[in-house]
Structures are given as C-alpha cells and as structure tokens.
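# Structure assessment
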Amino acid sequence: MLLLSHELADAMVRHALAHHPVEACGLIAGPPGGAPVRLVPLRNASNATDAFRFDSREQLSVWRELDERGEMPHVLYHSHTASRAYPSRDDVAFAADPATHYLIVSTVDPQSPEMRSFRIVSGRITEEALVISDCPTR
C-alpha cells in the first residue's frame, strides 16, 4: 500500500498536466523507513510524448541532495499522455528497485487524470492500493 497526502498527489497531477502532451517525471522522497513527504519534479530528458528519461546530471544532483538530507526516493513517478496508467514494457525494464513504488499518472483525459501505483519486481507487475488522505506531509 502507498499512502500519500492530497498535497503530494495534487502536485504530481499538476506536474503531469503542465507538461502534457510530453510525459512528466519525478520522485517523492522521505526518510528511510518513513513516509514519502517531498515531491521532486525532474526534467524528462527524452522530451517525448511516449517515454521519459531522467537527465543523468540532474538525477546525480538530486540523489546527492537526498543523501545530504537523509532521504531516499520512496516513489518514482511519471505520466502517460496517450495510454492508461499501467506500466509499459519500458517502465518494467526501467524498474530496478523492488522497494520503490512506481506511480503512473495518466493524462489521456486531462479533465479526469488517473493515478495508480505498482511494485515491479523481476519484471512482475503488482498493483498496490493507493490511498490519498489528509495525512500530514511533514
């Protein structure tokens, strides 16, 4: 199960809609063993409508910042602009950490974005419950 605050969920959707029709991407960080609390939008280096790729320099900088803050990436997210919120073959190939939540926001219908969360382990996709609540983010 992935528990997110309304604040984080809304920020992800805003990020996805702002970049539509290009896929948006980023992460949600938090302390190890704690809750995801901080959204970190990243640039889609592929600038594509059907793929995303973190910019390697930006990713290195963000991972260093996470280390300095004592945080880790709990959630890696991106949007699908022309398909439903379900991992593609590329998404499965990209998924390297079984402890990470992989969240997809579909903006196929910008008036009603769809958000779903998955665990991807050894190529196997398992959808998990996504609970959006008024939980505090800090």
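Presented here is a report on the structure given in the accompanying data block. (Residues numbered from 1 in each chain as written. Predicted model: local features only at pLDDT ≥ 70, side-chain atom pairs only at ≥ 80, totals over all residues. Heavy atoms only, no water.)

Right, let's talk about the overall build of the protein chain for a bit. Tallying secondary structure elements over the protein chain gives three helices and eight strands in all. Sequence-ordered secondary structure for the protein chain, helices as α and strands as β, is β-α-β-β-α-β-α-β-β-β-β. At 14 Å, the protein chain has a C-alpha radius of gyration in line with the 14 Å of a compact globule built from 138 residues. For the protein chain, the spread of C-alpha atoms along the principal axes amounts to about 35 × 35 × 30 Å. Here the protein chain holds 138 residues, and 46% of them are scored as buried. Within the protein chain, counting contacts between residues at least 6 apart in sequence, those at least 24 apart form 62% of the total. About 7400 Å² of surface is accessible on the protein chain, with carbon and sulfur atoms providing 51% of the total. Considering the protein chain, the positive charge centre built from 13 side chains and the negative charge centre built from 18 side chains are found 3 Å apart. (Helix = DSSP H or I, 4+ residues; strand = E, 2+ residues; numbered from the N terminus. Rg over C-alpha atoms; globule rule 2.2 N^0.38 Å. Buried < 20%, exposed > 50% of the residue type's maximum accessible area, 1.4 Å probe, protein only. Contact = heavy atoms within 4.5 Å. Areas by Shrake-Rupley, 256 points an atom, 1.4 Å probe, with all protein chains shown as cover. Lys, Arg positive; Asp, Glu negative; His and termini not counted. Charge placed at Lys NZ, Arg CZ, Asp CG, Glu CD.)

Bringing the packing of aromatic side chains into the picture now. Summed over the entire model, instances satisfying the criterion amount to four aromatic pairs. For the pair Phe52 and Phe94, a centre-to-centre distance of 5.3 Å together with 75 degrees between the ring planes defines the contact as edge-to-face. A residue pair is termed long-range when its members are at least 10 positions apart, and Phe52 in the loop between β3 (38-42) and α2 (56-69) and Phe94 in helix α3 (residues 89-94) qualify at 42 residues. Among the residues examined, Phe94 registers a relative accessible area of 37% and is labelled partly exposed. Between Phe54 and Phe94, the ring centres sit 5.8 Å apart and the planes meet at 85 degrees, which makes this aromatic pair edge-to-face. (Phe/Tyr/Trp six-rings, centres within 6.5 Å; stacked < 30°, edge-to-face > 60°.)

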